[in-house]
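Here's the letter readout for the chains.
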Amino acid sequence: MHDFLRRRSEYTILPTPVPEDSTDETRLLFTDSTSQDLVAVMEACLHNLHDVPRAKQIFEGLRQSGRGDKLIDARLYNHFISAYIEMATSKDSAHRAVWLEDAWALYNDMEQSREHIQPNANTYALMLIAWLRFNPDTPNGVNLGSDAHDPISLLRNIIHRQIAPALVVSDRAFTTDEEATEAIKALSRAAVQMGLSSVVNELGLADSLGRQQDDPLENVPEAVPVVKVKTLPDIEVKRAEDGSVTALEPHAPIKLEGEVPFNLETLRRHLGNVILHRRILAEDVGLRQRLLEQSVYNVAVERMKRQAELFDQLGLPKQGLHSTDLKTWMWHWHVKLESRIEAEIKNLEIEERIIDRLKRKHKDHVQLTPLLNLLKPEKLSLITILEVMHLHGSGGVQDGMKTARALLSVGRAVESEIKAEMAKKHNVPLPTAASVGDGNVFSSVGYRELHDQRVAARKLIEDAEDWTNAEWTQLVRVKVGSFLVDCLMDVATVQRSMKDPRTGEIIYEEQPAFFHSYEYQRGHKLGVIKFNPAVAERMSKDPIAETLHPRHLPMLVKPKPWLSYNNGGYLYNRTWAMRFKESREQELYLRHASDAGRLELVFAGLDVLGSTPWKVNRRVFDVVLEVWNSGKRYPKIPPAVPDEPEPERPPNMEFDNKAKAVYIERQKAWQQAKASNHSDRCSVNYKVEIARAFLGDTIYFPHNVDFRGRAYPIPPHLSHIGDDLSRGLLLFGEAKPLGARGLRWLKIHLANLVGYDKASFDERVQYVHDHLDDIYDSAERPLEGRQWWTKADDPWQCLATCIELRSALESPDPEAYECALPVHQDGTCNGLQHYAALGGDAVGAAQVNLAAAERPSDVYTYVAQMVEQSIQADLERGDKAPHYAKLLAGKISRKVVKQTVMTTVYGVTFIGARDQIERQLKDRGDIPPEECWLAAAYLAKKVLASIGDLFTGAKEIQNWLNLCARLIAKSIPQDRLISAFQAETAGTPKRGKRSSQPRWKKEQMTSVVWTTPLGLPIVQPYRAVKRKQVMTSLQSVFISDPNVPSTVNAAKQASAFPPNFIHSLDATHMMLTALECRSQGLTFASVHDSYWTHAGSIDQMNAIIRDTFIALHSSDVLSALAQEFRERYANYKVPLSALTGAAFKHLKLNPEQLDISPEDIEALSDESVVRAAEAEEQAEESQALLGDEDDADVELAADAEAADAEGEGKKPKKKRAKSAPKAKDRKSKEEIEKRLEGKFVNLVDVLPPLPEKGKFDVKAIKDSLYFFS
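Residues numbered from 1 in each chain as written. Predicted model: local features only at pLDDT ≥ 70, side-chain atom pairs only at ≥ 80, totals over all residues. Heavy atoms only, no water.

Observations regarding the sheet that holds strand 22 (residues 1085-1087)
For clarity, the cut-off: Pairing between two strands is assigned when DSSP locates at least 2 bridges connecting them. Helix and strand definitions here come from DSSP, where helices need a minimum of 4 consecutive H or I residues and strands a minimum of 2 consecutive E residues; each element is numbered from the N-terminal end. Note on geometry: axes are lines fitted to C-alpha atoms, helical ones only across the stretch in contact, with angles between N-to-C directions running from 0 to 180 degrees.
Within the open sheet, the three strands sit side by side as 16-23-22. Their pairing is antiparallel. Of all strands in the sheet, those with a lone pairing partner are strand 16 (823-826) and strand 22, marking the two edges. Strand-to-strand twist of the sheet, defined as the mean angle between neighbouring strand axes without regard to direction, takes the value 25 degrees. Looking at chain direction, strand 16 and strand 23 (residues 1090-1093) are connected through four bridges and run antiparallel. Its bridge partner lying in strand 23, valine 823 is registered against threonine 1093.

Description of the pairing of strand 4 (residues 493-499)
The side chains of a regular strand alternate between both faces of the sheet. Pairing of strand 4 with strand 5 (residues 506-512) involves seven bridges; the strand directions are antiparallel. Its bridge partner being in strand 5, serine 497 is matched across the sheet by tyrosine 508. Connecting strand 4 to the antiparallel partner strand 5 that follows it, the hairpin turn spans six residues, and glycine 504 within it adopts a positive phi of roughly 75 degrees.

Considering the nonpolar core
Put simply, the rule is: The definition of a nonpolar core used throughout is a set of buried Ala, Val, Leu, Ile, Met, Phe, Trp, Tyr and Cys residues joined through side-chain atoms within 4.5 Å. Buried means the residue's accessible area, taken with a 1.4 Å probe over protein chains only, is under 20% of the maximum for its type, while exposed means over 50%, and partly exposed covers the values in between. Should any heavy atoms of two residues lie within 4.5 Å, those residues are counted as being in contact.
Within the largest apolar cluster, 196 residues are counted, with the highest numbers of intra-cluster contacts made by Trp796, Leu850, Leu888, Leu921, Leu939, Phe1061 and Phe1125. The element that contributes the greatest number of residues to this core is helix 39 (residues 1050-1079), accounting for twelve residues. Beyond its immediate sequence surroundings of up to four residues, leucine 888 is in contact with Ile871, Leu921, Ile927, Ala935, Tyr938 and Leu939. Counting residues in each nonpolar core, the second largest holds 73 residues, with Ile85, Trp104, Met110 and Val245 among its members.

A short note on the confidence of the model for the chain
Quick reminder of the rule: Think of pLDDT as the predictor's per-residue confidence, scored from 0 to 100.
Averaged over every residue, the pLDDT of the chain is 81; residues scoring 70 or more account for 79%. This stretch, residues 316-321, has a pLDDT under 50; its non-local contacts, to residues over four places away or in other chains, come to eleven contacts. Taken together, the stretch residues 1184-1219 has pLDDT below 50 and engages in 92 contacts with residues farther than four places along the chain or on a different chain.

Side note on the packing of aromatic side chains
We apply this condition: Two aromatic rings, drawn from Phe, Tyr or Trp (for Trp, its six-membered ring), form a pair once their centres lie within 6.5 Å of each other, and the interplanar angle then sorts them: stacked below 30 degrees, edge-to-face above 60, tilted otherwise.
Considering all chains together, one arrives at 32 aromatic pairs under this definition. Ring plane angle 80 degrees and centroid distance 5.2 Å describe the contact between phenylalanine 514 and phenylalanine 531, whose orientation is recorded as edge-to-face. Taken together, the positions of phenylalanine 514 in strand 6 (residues 514-521) and phenylalanine 531 in strand 7 (residues 524-531) put the pair 17 residues apart, joining distant regions of the chain. Given the relative accessible area of 3%, phenylalanine 514 is considered buried. Chaining the aromatic ring pairs together yields one cluster made of Trp1010, Phe1057, Phe1061, Phe1125, Tyr1129 and Tyr1132.

As for the environment of phenylalanine 910
Secondary-structure assignment places phenylalanine 910 in helix 35 (residues 910-924). A relative accessible area of 30% places phenylalanine 910 in the partly exposed class. Separated by 34 residues in the primary sequence, phenylalanine 910 and leucine 944 have C-alpha atoms spaced 7.8 Å apart. Sequence-distant contacts of phenylalanine 910, that is, excluding residues within four places in its chain, are made with Ala937, Ala940, Lys941 and Leu944.

Quick word on the environment of lysine 91
In this structure, lysine 91 sits in helix 4 (residues 74-91). Distance in space between the C-alpha atoms of lysine 91 and leucine 49 is 8.2 Å, their sequence separation being 42 residues. In this view, lysine 91 contacts Leu49, His50 and Glu86; residues no more than four positions away in its chain are not counted.

Quick look at unusual backbone geometry
Negative phi is the rule for most residues except glycine; trans is the rule for most peptide bonds. In this structure, lysine 636 is a non-glycine residue whose phi angle is positive, near 70 degrees. Positionally, lysine 636 belongs in the loop between helix 23 (618-630) and helix 24 (657-693). Even without a glycine there, the phi angle at histidine 1088 is positive, about 60 degrees. Within the fold, histidine 1088 resides in the loop between strand 22 and strand 23. Here histidine 1088 falls in the buried class, since its relative accessible area comes to 7%.

Re the sheet that holds strand 7
In space, the three strands of this open sheet follow the order 3-7-6, with antiparallel pairing throughout. A single partner strand is all that each edge strand has here, and the edge strands are strand 3 (400-402) and strand 6. Taken pair by pair, the neighbouring strands of this sheet meet at an average axis angle of 35 degrees, ignoring direction. Pairing analysis gives three bridges linking strand 3 to strand 7, with the strands arranged antiparallel. Among the inter-strand pairings, glycine 400 is bridged to a residue of strand 7, identified as lysine 530.

Focus: helix 9 (residues 177-194)
Worth spelling out the cut-off: Expected span, for any helix, means 1.5 Å times one less than how many residues it has.
In this model helix 9 runs 26 Å from its N-terminal to its C-terminal C-alpha over 18 residues, within 8% of the 26 Å that 1.5 Å per residue would give. Among all positions in helix 9, only Glu179, Ala180, Thr181, Ala183, Ile184, Ala186, Leu187, Ser188, Ala190 and Ala191 are buried. Trailing helix 9 by a residue or two, glycine 195 shows a phi angle of about 70 degrees, which is positive.

Structure, rendered in structure tokens:
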């Protein structure tokens, strides 16, 4: 591992994106949205031969223009060839010759490598079918002359392309055993005529493998008895350099006794086993998962229908709208919506035909009917209802959702279901994950073997699937979503009743179930879709499993291994190995790195995490269910009815403005708490329902990574990365004996969960011994006893551990007790641990337990004490002491400052720190809510001042990372700079209004990109937000187009780089630990810097954690990063005028080295220029902190540690951007910029030197007991 991490990483380097109005050919890296929309429509037209002529027209247009090159591959060509052959066979046999001519023409284009597309096994299988069906000797024969190829010509090309003939005859293009048998015979005859004995043998092998099963008529008396061969001989698999299979050679002939019929599926299964060297999932093993993924909508509609029928049987035939049952409402909405969608699609088809004839297409016009017709109206109805219900309370909208998010989510769900339907058409082989323990994956041989296995599996599965690369654009998703949601809002109603206070009569009124409205968030007017109060109330009470899609659920079989950047996890629901946030650049880098074979260890790590088995903890679940059904408030479970009393209206409110302000603030807090209670109740409902559904099952969580490489389970509701309740409900799927050490670690784990985690290990064990009576009481009488467990920091995990410890101690041999409870080892402020190791900072290392000590260090308590001392110093001022010093004295616990200390080194700002502390003060409950915000502002200054001197080593590295990112974000590739100046000189007209700024400023498109030690390219996605207005029937929606890159947000690139870099390191450490644990046979799970295994395996895992951390930081990570920057940005230029501001004072620019005059350097350091630059930077950073509008990416998980470490403000209205630069300073800066315009320096010449490394030796952590504990 040490040697692997010290090697020079292979970098994935791609051209920097270019501006939207550029004509540079590198634009072709990014497919334009119009072409992407056309490809999606083309795919829909091909599906089930819906409209092949129309698809052909789009296809030819894209080929001629070259705009679709990045979306068109061999599988799409094959898709068209297959469609043409099927048209000639059945749908349009009258024009058979025309369709066959088109098929052979496409094949010939592939053979000649036009457009760089080459034939594969599927291509040759299709052309064999064409020849078998339509050669001149057949009844339907067509003579196409030299354009058609006979089996000899096809076999010659197959051999030339180094494709195994056995893969051709087993290809998915063959749908019947008879046609596959004929293909084997035809190629065998051709091989005999060509004298290719090896090919004859290989085809004989394929024929034999297809007969390796019992005859289905075996027990029928008239049938000839057959014998199945017990074992197959060894078969050598020959591969090309790219890992593809070129030939199969048996070491001995296969002998059959009796006549066994050929079976195509048997052949495919045996070939999969031979090629992959690993087991293919048996059909019965994956059957339940298959049913789970493919029948969710069918199950949902059946449940709702059954509920409605039950009401009918009870004599309530017209109670649909009167009913208050959620499932009944949903069933009636579904019935009406299905017929409404069917009618609207017919109307839309007529409208689109008229637009086509008139040729008056709006620029945003998208033909929706080919896409909508891919699914039945019944399924479209269910998808719309379930997605909208699932989004309830999302995005900070009480009892509703943002309109843009709803439309995009419904559109994305329809797209996913269409792709899943296509994937399910064929019986795709599903390989199990490669075993990491088979060899050393960090050696060149082991790595290559891992790569070869993945490539072989990917090719096998891709060849068995239809072409489904046509990803929809945001515009298409919004249009489809708008069409469906608009239909739903028109037909979905509920009937509410109330008693007339005067007459006592019950009055009924039919009301819309959903309505459109507007809210203000962060100063922006925002369209929202709100739930009728009656529906919202039922959402928090009724079982809501019907609103869950399989992508929100655990799996019942091990996830599909990651075979490429977009193929892994769920069996049919397409997921990506990385979560993109509207960044096409990230997708491109990931795809290129995957294709180059640089992500094998990342994929292997995700496979390890996904293959960890889990089960629901039945004993904890029973307690959770009892609490849930009682409706009472318990830790992490909100009450069914909010129990906080409404604030009393003060009698002097009318004439006392202060009392009025306090009342309004408290009333607002009460309303917010009430809304939060409702939202939290719905969230817990999901967890309970999912846990109930999987009781008794072994389950798995497929994983993927965010753009920094941090791994997350894909199911968002119930998983080990969730809250304390989620974790308390889960156990490992297999139990292992505790052993003496395991029993000790189980006790330490319990003490940690209670909150007694800063004592020595012996003291923690003694703490548990002292509380054994409470532990037994909690385990035996969790709700009737003293409820000691409810006072723990993590109560539900504490209860689970109490139950497990009591069971172990009560067993005949506690050390032999088999325990399935995950035990955690957590890093101590893990970000600081990485900074201390990077900088060799001995002082910082001691504070975060890198250095050996008798007791664990607690930096949070230390800072809390420093803040308390500072407050006491303020109090000594007597009457002049600040009001908040008196209010906060004696109330500064480690919990109040913990998150701020933890995120300080991640670049948390004053605003972020204030909001973090405000939340903690409110949670204490002993400070008036209206005082918390200003108290938090006072306290945030104290905390930030106290920790300023503690982390000097980390601060130096943070400043170096920040400065590098600022320079990179301001840089321009040399060739783009030359083009910009040439365009200005030539006066090239640009679209739109002519900008007064120089052209080169538009070329500042460079993101910060780096490579992790495991080869994962990290691309920071922060760019200027460009929104596109889309008119829908509901409202005007603003969406971003990821296919149109914009200039980078330099301030955000700089501020986010330090935390993102550290996160990429802790992600690397976790992946290394996961791979090593699997190779040593340990069960492993993780939540970022918290590593889990069985109690009896903790000591072994602890050794691995230390070894992998030492190996990582012994590879000189910062030097490797600096070297990568010098190579990646070798030909990039930085405008001299950009080197102003406080951050650049420390660059110590050398005029002679940079070939600039001393006067230029002097101008850059002019005080007024520096002040203006600083003011602009602060304004940019404040604006970046306000955050972008929600982008409706509902699948992006929230990071538990303040995503990007910026702290999300709770009171944005009180945030104010820093003042703009003064007019005098701004004028001076403009004058200097004008003087320096056109002067550039090499980026690599101004990159700052690395901070000097300290003396701390990272190997010392081997002796630290509390490094992870």
